[in-house]
Amino acid sequence: MDHVSIVVADLEAAIAFFTELGMELEGRAPVEGRWAERVNGFDDLRVDIAMMRTPDDHGKVELTKFHSPAAISAEPDPAPSNTLGIRSIMFEVDGIEDTVARLRPHGAELIGEIARYEDICLLCYVRGPQGIIVALAEQLR
């Protein structure tokens, strides 16, 4: 897998959120032109993207802000965790409680609570930019 793409309304806020999660901004660029329109199936496509990479350089998240056509919201908004389609992206973190606390000023909200799975890990779901669900896991072993 190369990367996961997330459509956002506020690119700067999404960059700040994923930076706080420990990802690094690899680059950003405007994307437009006939090739992009053909790939996306839209005329007059104009977007800005920011590519974020994990500190271990094994994963990337592409944040995409649509200017034309305008992005649309899923219903209901925010979508619950049982909505069809991709609902979450999981990150392994050191210090899950600290990570949640650092993400709160960036709009993150715990969906449930931090829970222990046997003696293996602590897990939780937080709602991040544009209502996406970010799963966090802290290994205990």
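The structure we're discussing is the one just above.
## Comments concerning the state of the cysteines
By definition, a disulfide is the covalent link that joins the sulfur atoms of two cysteine residues.
Next, step 1: Taken as a whole and judged by the stated rule, the model has zero disulfides.
Next, step 2: Considering cysteine sulfurs only, Cys124 is the nearest to Cys121, which forms no disulfide, with 11 Å between them.
Next, step 3: By relative accessible area, which is 7% here, Cys121 ends up buried.

## With respect to the pairing of strand 8 (residues 121–127)
Next, step 1: Along strand 8, five of the seven residues are buried, which leaves the element largely enclosed by surrounding structure.
Next, step 2: Pairing between strand 7 (residues 115–117) and strand 8: three bridges, direction antiparallel. The residue bridging Ala115 from the neighbouring strand is Leu123, located in strand 8.
Next, step 3: Hairpin geometry of strand 7 and strand 8 is characterised by an intervening segment of three residues between the two adjacent antiparallel strands and by a positive phi of about 45 degrees at Glu118.
Next, step 4: The pairing of strand 8 with strand 9 (residues 133–139) spans seven bridges and is classified as antiparallel.

## Observations regarding the sheet that holds strand 4 (residues 60–68)
Next, step 1: Across the sheet, four strands lie side by side as 1-4-3-2; this open sheet has mixed pairing. Of all strands in the sheet, those with a lone pairing partner are strand 1 (4–7) and strand 2 (24–32), marking the two edges. Across the sheet, the mean angle separating the axes of adjacent strands is 20 degrees when strand polarity is ignored.
Next, step 2: Relative to strand 4, strand 3 (residues 46–53) runs antiparallel, the two being bridged by eight bridges. What sits directly across from Ile49, in strand 4, is Thr64.
Next, step 3: With respect to the sheet, helix 1 (residues 11–20) is in contact with strand 1, strand 2, strand 3 and strand 4, its orientation differing from that of strand 3 by roughly 10 degrees.

## Brief notes about the side chain of Glu37
Next, step 1: Inspection of the secondary structure puts Glu37 in helix 2 (residues 34–40).
Next, step 2: For Glu37, a relative accessible area of 15% translates into the label buried.
Next, step 3: A polar side-chain atom of Glu37 sits 2.9 Å from the main-chain amide nitrogen of Asp44.
Next, step 4: In contact with Glu37, other than residues within four places in its own chain, are Phe42, Asp43, Asp44 and Leu45.

Cut-offs and rules
Residues numbered from 1 in each chain as written. Predicted model: local features only at pLDDT ≥ 70, side-chain atom pairs only at ≥ 80, totals over all residues. Heavy atoms only, no water. Disulfide = S-S within 2.5 Å. Buried < 20%, exposed > 50% of the residue type's maximum accessible area, 1.4 Å probe, protein only. Helix = DSSP H or I, 4+ residues; strand = E, 2+ residues; numbered from the N terminus. Pairing = 2+ DSSP bridges. Axes fitted to C-alpha atoms, helices over the stretch in contact; angles between N-to-C directions. Contact = heavy atoms within 4.5 Å. Polar contact = N/O pair within 3.5 Å; in protein donor to acceptor, adjacent residues only side chain to side chain.

Keep in mind these values describe shape, not function.
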